[in-house]
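# Report on the structure
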Amino acid sequence: MDYLTYKVLHLVGAFFLFSALAGLIIAAKHSDAQARKLGSIMHGLSLVVLLVSGFGLMAKLGIHGIPSWVWIKLVVWLVLGGIVVLIKRWADGRTILWWIIPLIGAIAAYLGVFHPPAG
Ligand code: HEM
């Protein structure tokens, strides 16, 4: 797969991730089991697509080892993976999470565009 295809895949993975997380917030608010199931599947798939395309991008960019900006993106990936637990359990915080989640995504986007050097 070429570099630009990995990049499109990476962006599509991100679109599905945020669609899934927003859907999971609404599903939790309305106790909608069917929407929660679809959201969970989409969430899992989008995380896999983001990870695979992320490493693909690194390979195509000739990045050897894991620079600090990618380590931070991996932490963002883990946080947006585990945040489903908060969506499920933190009933009073779901609206706050709805705002915070895209902002966490913005960190990954910033790092992916600027590749800031460590220190
Ligand atoms: C929730 C997780 C993530 C989101 C929302 C995200 C989002 C983005 C965005 C928006 C870009 C910029 C694309 C562009 O320049 O057009 C990007 C670039 C990039 N991402 Fe991610 N990313 C995530 C996770 C990851 C992970 C886990 C990895 C590594 C395994 C990764 C590796 C990269 C790389 C290497 C680039 C640079 C591409 C380039 O310079 O052309 N990303 N990411």
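For the structure itself, look to the data block above.
My aim in this report is to walk through the structure given alongside it, one point at a time. Computed from a predicted model, the values in this text were never measured in an experiment.

### Observations regarding the coordination of the iron atom of the ligand
In an ideal octahedron of six donors the angles at the metal are 90 or 180 degrees, and in an ideal tetrahedron of four donors they are 109.5 degrees. Binding of the iron atom of the ligand to the protein goes through His10 (NE2) and Lys73 (NZ), at separations of 2.0 to 2.3 Å. The coordination sphere of the iron atom of the ligand comprises 6 donor atoms, whose angles at the metal cover 77 to 178 degrees; the geometry is octahedral. With a gap of 63 residues between them, His10 in helix H1 (residues 3-29) and Lys73 in helix H3 (residues 68-89) connect regions that are remote in the sequence. Residue His10 is classed as buried on the basis of its relative accessible area, which comes to 17%.

### What to know about the packing of H1 against helix H4 (residues 94-114)
Two elements in contact, H1 and H4, have axes whose closest approach is 10 Å; the angle formed by their N-to-C orientations is 175 degrees. Between H1 and H4, the interaxial angle falls into the category roughly antiparallel. Contact residues: Phe18, Leu21, Ala22, Ile25, Ile26, Ala28 and Lys29 in H1; Arg94, Thr95, Leu97, Trp98, Ile101, Pro102 and Gly105 in H4. Residue classes in the contact of H1 with H4 are distributed as 10 nonpolar, 2 polar and 2 charged.

### Structural notes on H1
For H1, which comprises 27 residues, the first-to-last C-alpha distance of 39 Å matches the rise-based estimate of 39 Å (1.5 Å per residue) to within 8%. Of all the positions in H1, only Tyr6, His10, Gly13, Ala14, Leu17, Ala20, Leu21, Leu24, Ile25, Ala27 and Ala28 are classed as buried. Buried residues along H1 sit against helix H2 (33-60), H3 and H4. One or two residues past the end of H1 sits Ser31, with phi positive at roughly 45 degrees.

### Some thoughts on the nonpolar core
Across soluble globular proteins, nonpolar side chains show a tendency to be buried alongside one another. Counting 16 residues, the largest nonpolar core has Leu17, Leu21, Leu80, Ile83, Ile87, Leu97 and Ile101 as its most contacted members. Those elements that place two or more of their residues in this core are H1, H2, H3 and H4. Element by element, the count of residues in this core is highest for H1, at 6 residues. For Leu17, the residues in contact, after removing those within four places along its chain, are His43, Ser46, Leu47, Leu50 and Leu80. Ranked by size, the runner-up nonpolar core spans 5 residues in total, among them Trp69, Val70, Leu74 and Leu111.

Conventions used here
- Residues numbered from 1 in each chain as written.
- Predicted model: local features only at pLDDT ≥ 70, side-chain atom pairs only at ≥ 80, totals over all residues.
- Heavy atoms only, no water.
- Donors = N, O, S within 2.8 Å, 3.2 Å for Na, K, Ca; no water.
- Tetrahedral: all angles 85-135°; square planar, octahedral: opposite > 155°, others 65-115°.
- Helix = DSSP H or I, 4+ residues; strand = E, 2+ residues; numbered from the N terminus.
- Buried < 20%, exposed > 50% of the residue type's maximum accessible area, 1.4 Å probe, protein only.
- Axes fitted to C-alpha atoms, helices over the stretch in contact; angles between N-to-C directions.
- Parallel < 35°, antiparallel > 145°, perpendicular 65-115°, else oblique.
- Contact = heavy atoms within 4.5 Å.
- Nonpolar A, V, L, I, M, F, W, Y, C, P; charged D, E, K, R; others polar.
- Expected span 1.5 Å × (residues − 1).
- Core = buried A, V, L, I, M, F, W, Y, C linked by side-chain atoms within 4.5 Å.

So yeah, pure geometry; function would need other evidence.
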